[in-house]
Amino acid sequence: MKAVHFGAGNIGRGFIGLLLSQAGYEVCFVDVNEELVSELKARGEYPVTLASEGQETTVVKGITALNSASEPEAAARAVAEADLVTTAVGVNILKFIAGTIAEGLKLRLQGESAPLHIIACENAIGGSTQLKEHVYGKLDDETKQKADQRVAFPDAAVDRIVPLQQHEDRLKVVVEPFYEWAVDRSQMFEGYTPVEGIHYVDRLEPYIERKLFTVNTGHCSAAYVGFLKGYETIQDAMKDDEVAAHVRAVLEETGAALVHKHGFNSAEHGAYIDTILERFRNPALTDEVSRVGRSPIRKLSPGDRLVSPAMLAFESGLPYKSLAKSMAAALLFDVPEDPESVELQASVRDIGVSDTASQYTGMAGEHPIMGELMEQYEALKAETEAGRS
């Protein structure tokens, strides 16, 4: 079986590519980084090490790679011949790979072909659905009709912490032992071949929101509050009792909202929160605050990990104070190397923090969450300035 995976970065190699290889697929990575593609082609394998006490290492073999920029026809042909297509490129990059996938589908659908599943493994709600829209925007009506019959884009929820890292072997990846990959089987063709390691579910939304509002919300909360306290890594930030207490408070708020909406068992979800907090503390990982907190504008957007659970909590009559504090901390995330951070800070200077918060969160200035956010912002700003004096 052949799988084509877009994105040969750490997540692509250390999570999706690893699992697909272990499930028996020959994996072809598609990327635009020529140096990375060339090395994958030359070696045909790479090591993945678990961030655990035993530091177990698996060598992923039988892989190849293509550069979609310099080898567009070969990349399209690989899609046309694939048994499975996956992505891990970042939701904002999906539109840039859609053309290659569309060209592959045009080739594939010229004749008889087996059904194809295309799964976007991104930190986003409805990632595959978004990818489908981008791909269909590049197809004519006849090809779309054929694709409707033979190509499916099941949404997925993925979870594995893969920090930024540098090794002497540039193909080596270190990943945490924990992972979860859930796929919506209601969006798949009957008789699909299950992939070992994927959890197939009938309703994906609860899994996506549980992950997004626990792992991602908690992770960025640790990053933003940890940044204000001067920590460079999530692991160091989580050693601080105040940071750890804040992150737990945030996850108790999102947990109450999730239990209310999806009917999760409270005790089981509490145990899930405990697991997530321990993952953040994993001493074998070094996850930089600047990486986890990057792109604060996206993370403050209406449908993302901070505003969305806060709105859910508000609408459910539940607390959201700690979530508002995380939003306030995000507005104080000042990292010159991060373009979104630069834009955010420029907006605060130009139009003020209240209008900036409203602009990026989509919440009206008079909304109760905004009132709490502004109160928390002023308190955090004062604490930060006092700490610097």
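Residues numbered from 1 in each chain as written. Predicted model: local features only at pLDDT ≥ 70, side-chain atom pairs only at ≥ 80, totals over all residues. Heavy atoms only, no water.

## Looking at the side chain of serine 68
Part 1: Secondary-structure assignment places serine 68 in the loop between strand 5 (63-67) and helix 3 (72-81).
Part 2: The exposure class of serine 68 is buried, given its relative accessible area of 17%.
Part 3: Serine 68 has contacts with Val30, Asp31, Val32, Ala75 and Thr100, leaving out every residue within four places of it along the chain. (Helix = DSSP H or I, 4+ residues; strand = E, 2+ residues; numbered from the N terminus. Buried < 20%, exposed > 50% of the residue type's maximum accessible area, 1.4 Å probe, protein only. Contact = heavy atoms within 4.5 Å.)

## Details of the UniProt feature "binding site: NAD(+)" (unreviewed entry) in the protein
Part 1: The feature "binding site: NAD(+)" (unreviewed entry), as annotated in UniProt, sits at Ala3, Val4, His5, Phe6, Gly7, Ala8, Gly9, Asn10, Ile11, Gly12, Arg13 and Gly14 in this numbering.
Part 2: As for its position among the elements, histidine 5 is in strand 1 (residues 2-6).
Part 3: Not counting residues up to four positions away in its chain, the partners in contact with histidine 5 are Gly12, Ile16, Val27, Cys28, Phe29, Val30, Thr86, Thr87 and Ala88.
Part 4: A distance of 3.0 Å separates a polar side-chain atom of histidine 5 from the backbone oxygen of glycine 7.
Part 5: Relative to the helices and strands, glycine 9 is located in the loop between strand 1 and helix 1 (10-22).
Part 6: Excluding residues within four positions of it along the chain, glycine 9 makes contact with Asp31 and Leu36. (UniProt positions renumbered as here; feature names shortened; annotations may be inferred. Polar contact = N/O pair within 3.5 Å; in protein donor to acceptor, adjacent residues only side chain to side chain.)

## Here's the deal with the domain arrangement of the protein
Part 1: Under the domain assignment used here, the protein contains domain 1 (1-201) and domain 2 (203-385).
Part 2: Using only C-alpha atoms to locate each centre, domain 1 and domain 2 end up separated by 29 Å.
Part 3: Each partner contributes residues to the interface: domain 1 has 26 residues there, and domain 2 has 25 residues.
Part 4: Summed over both partners, the interface of domain 1 with domain 2 buries about 2,000 Å², with 62% contributed by carbon and sulfur atoms.
Part 5: Summed over the three residues of domain 1 that lose the most area to domain 2, namely Ile125, Ile161 and Leu164, the buried surface amounts to 28% of that side.
Part 6: Here domain 1 is connected to domain 2 by 3 salt bridges.
Part 7: Those elements giving two or more residues to the side of domain 1 that touches domain 2 turn out to be strand 9 (156-159), strand 11 (180-184) and strand 12 (199-201). (Domains from an automatic or database assignment. Buried area = accessible area lost by both parts, 1.4 Å probe. Salt bridge = Lys/Arg side-chain N within 4 Å of Asp/Glu carboxyl O.)

## Observations regarding the packing of aromatic side chains
For any pair of aromatic rings, geometry is given as the distance between the ring centres together with the angle between the planes.
Part 1: Evaluation of the coordinates by the stated rule reveals 8 aromatic pairs.
Part 2: Judged by centre distance (5.9 Å) and plane angle (65°), the rings of phenylalanine 29 and tyrosine 46 are edge-to-face. Residue phenylalanine 29 is located in strand 2 (residues 26-31), and its partner tyrosine 46 is located in strand 3 (residues 45-50); the two are separated by 17 residues in the primary sequence. Pair check on accessibility: phenylalanine 29 and tyrosine 46 agree, each one buried.
Part 3: Their ring planes at 70° and their centres at 6.1 Å tell us that phenylalanine 314 and tyrosine 320 sit as a pair that is edge-to-face. (Phe/Tyr/Trp six-rings, centres within 6.5 Å; stacked < 30°, edge-to-face > 60°.)

## Considerations on the pairing of strand 1
Part 1: With 4 of 5 residues buried, strand 1 is to be regarded as a mostly interior element.
Part 2: The parallel pair strand 1 and strand 2, bridged by helix 1, forms a crossover whose chirality is right-handed.
Part 3: Bridge count for strand 1 against strand 6 (residues 84-87) is 4 bridges, and the pairing is parallel. In the strand pairing of strand 6, histidine 5 is matched with threonine 86. (Right-handed = clockwise from strand over helix to strand, strands pointing away. Pairing = 2+ DSSP bridges.)

## Observations concerning the UniProt feature "domain: Mannitol dehydrogenase N-terminal" (unreviewed entry) in the protein
Part 1: UniProt feature "domain: Mannitol dehydrogenase N-terminal" (unreviewed entry): in the numbering of this structure it lies at residues 1-191.
Part 2: Note that residues 1-191 is 36% helix and 26% strand, and that its end C-alpha atoms are spaced 16 Å apart.

## So, unusual backbone geometry
One can expect most non-glycine residues to show negative phi and most peptide bonds to be in trans.
Part 1: The residue glutamine 55 is not glycine, and still its phi comes out positive at about 50°.
Part 2: As for its placement among the helices and strands, glutamine 55 is situated in the loop between strand 3 and strand 4 (57-61).
Part 3: Accessibility expressed as a relative area gives 41% for glutamine 55, which makes it partly exposed.
Part 4: Phi at serine 295 takes a positive value of approximately 60°, unusual for a residue other than glycine.
Part 5: Of note, serine 295 is situated in the loop between helix 11 (289-293) and helix 12 (296-299).

## Describing the sheet that holds strand 9
Part 1: Pairing is mixed in the open sheet, where 3 strands are placed in the order 9-11-12. With one partner strand each, in any of the chains shown, strand 9 and strand 12 form the two edges of the open sheet. Neighbour to neighbour, the strand axes of the sheet diverge by 20° on average, direction disregarded.
Part 2: One ladder, built from 4 bridges, connects strand 9 with strand 11; its direction is antiparallel. Pairing of valine 158 across the sheet is with tryptophan 181, part of strand 11.
Part 3: Packed onto the sheet, helix 1 meets strand 9 and strand 11 and runs at close to 75° relative to strand 11. (Axes fitted to C-alpha atoms, helices over the stretch in contact; angles between N-to-C directions.)

## A few points about helix 9 (residues 241-262)
Part 1: In this model helix 9 runs 31 Å from its N-terminal to its C-terminal C-alpha over 22 residues, within 8% of the 32 Å that 1.5 Å per residue would give.
Part 2: Those residues of helix 9 that sit buried are Val243, Ala244, His246, Val247, Val250, Leu251, Glu253, Thr254, Gly255, Ala257, Leu258 and His262.
Part 3: As for helix 9, its buried residues are in contact with helix 7 (205-228), helix 8 (234-238), helix 10 (266-281), helix 13 (307-315) and helix 14 (321-331).
Part 4: Immediately downstream of helix 9, the backbone of glycine 263 shows phi near 75°, a positive value. (Expected span 1.5 Å × (residues − 1).)

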